[in-house]
Amino acid sequence: MPLALLALAVGAFGIGTTEFVMMGLLPDVATDLHVSIPTAGHLVSAYALGVVIGAPLLAALTARMSRRTVLIGLMALFVAGNALSAFAPGYDSLLAARFLSGLPHGAFFGVGAVVATNMVAPERKARSVSLMFLGLTVANIAGVPVATLMGQHLGWRATFLGVSAIGLAAIAALALLIPHDHTQAPAAGLRRELSALKSLPVWLALGTTVAGFGALFSAYSYITPMLTDAAGYADTSVTLLLALFGVGATIGNLLGGRLADHSLRGTLFGGLVSLAAVLALFPLLMSAQWSAAIAVTLLGAAAFVTGSPLQLMVMEKASAAPSLASSANQAAFNLANAGGAWIGGVALAAGFGVTSPAPAGAMLAVLGLGVAGVAYAVDRRRVPQSGRQRLVAVHLPEASEVLHR
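Quick notes on the rules
Residues numbered from 1 in each chain as written. Predicted model: local features only at pLDDT ≥ 70, side-chain atom pairs only at ≥ 80, totals over all residues. Heavy atoms only, no water. 1 Å grid on protein atoms, 1.4 Å probe; cavity = no way out; pocket = protein on both sides within 12 Å on 5 of 7 lines; lining within 4 Å. Points joined across faces, edges and corners; volume = space filled by probe spheres on them. Helix = DSSP H or I, 4+ residues; strand = E, 2+ residues; numbered from the N terminus. Core = buried A, V, L, I, M, F, W, Y, C linked by side-chain atoms within 4.5 Å. Buried < 20%, exposed > 50% of the residue type's maximum accessible area, 1.4 Å probe, protein only. Contact = heavy atoms within 4.5 Å. Nonpolar A, V, L, I, M, F, W, Y, C, P; charged D, E, K, R; others polar.

Side note on empty space enclosed by the protein
At step 1: Evaluation of the coordinates by the stated rule reveals three cavities of 30 Å³ or more.
At step 2: Taken as a whole, the largest cavity encloses approximately 220 Å³ of empty space.
At step 3: Considering the residues around the largest cavity, the lining is formed by 14 residues, among which L136, F213, F217, F304 and F333 are closest to the centre.
At step 4: Among the elements of the structure, α1 (4–33), α6 (125–154), α9 (200–220) and α15 (322–349) are those that each provide at least two residues to the lining of the largest cavity.
At step 5: The dominant element in the lining of the largest cavity, judged by the number of residues it contributes, is α15, at four residues.

Dropping the structure here:
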């Protein structure tokens, strides 16, 4: 695997840290800016909104630029957003800065996935994507806990300055390690880029992402009350348990990348089945502390097994615009974040119990499995048709010759 993947992983580490660290800093930010915690929670939503809007928009606008230049520019925008967050004088300005920080998120992963796959042999494409995502999963093990502790002891503004420093390190790594070859985007117009997203298989792949990762976030958004109220853990233990989620996600990500290079759809179907099973068993596993720790680890592993296959599938279905489609998949991840959290909240509000978001997530995983099955059926129908077209093209000249004689 090329060393250049390390540069992409460093950028992913910074992005993963700034995305998730706000959850742990909400009380400190709310107190300092004199707003309620629910109001401070809009800072999380602002970042996600930036991802959803920025992912396809920036990918489309930069479609004809060198991908190496695009990656460096996106990381520069990321540094600017986090620096502005650190020096924001009030809540409104911090809200705008968080939105700005989210804009490059999806496009970075989208363009980065294309660059990663272009630097390796075809049989290693999924593995290369998983190594880029490694920065995101490791951020949940080390980046988020360290950044949260920094914010609690040095102030939340210091956290965003630290994340900005990670972004600067990523820019240096991208400039040094990403080669100029394999990064030049094809000269395709914006209209052609957008038309590539009209394909039904592309939308089915995006729908699988929304349902599959919506299943994860339905449970993960409410993992803290599950661990404290159901499993009986103290509040101080939650950070360590969330690190276990990161460990599971890292294992699942690497395993999914390796398996997907052998069977893309098999890995996707297996991951969704595993995720549905883990979520369905969550209420039982949360009845004891030891099994709850195992459940959190398994949740991360089962969910992130599907990360690389989904990213690669979207890119293959929109081969004329892989950067735009790959970035759109990142927007789908964040729609899954918001939608999954909403569905889990509905289950809680309905009075089904503190662990009810997990079975609700299991149903979303089954839905994702159904969408993936429809996508498979659509592909199976298209292959024979293309085969028949090739057969006709081969035999028509022979038939014409016979008639001529």
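With respect to the nonpolar core
At step 1: Ranked by size, the top nonpolar core spans 58 residues in total, and within it L216, F282 and M286 carry the most contacts.
At step 2: Top contributing element to this core by residue count: α9, with nine residues.
At step 3: Once residues lying within four places of it in the same chain are set aside, the contact partners of M286 are I223, M226, L227, A230, A231, A292, A295, V296 and T355.
At step 4: In this structure, A107, V129, F133 and A170 belong to the second largest nonpolar core, which totals 37 residues.

Observations concerning the layout of surface pockets
At step 1: Its volume calculated, the largest pocket comes out at about 1000 Å³.
At step 2: In terms of lining residues, the largest pocket is bounded by 34 residues, among which F20, M23, G24, Y220 and S221 are the most central.
At step 3: The greatest single-element share of the lining of the largest pocket, amounting to six residues, is contributed by helix α3 (residues 42–61).
At step 4: Here the residues of the lining of the largest pocket sort into 20 nonpolar, 11 polar and three charged.
At step 5: The space that makes up the second largest pocket amounts to roughly 170 Å³.

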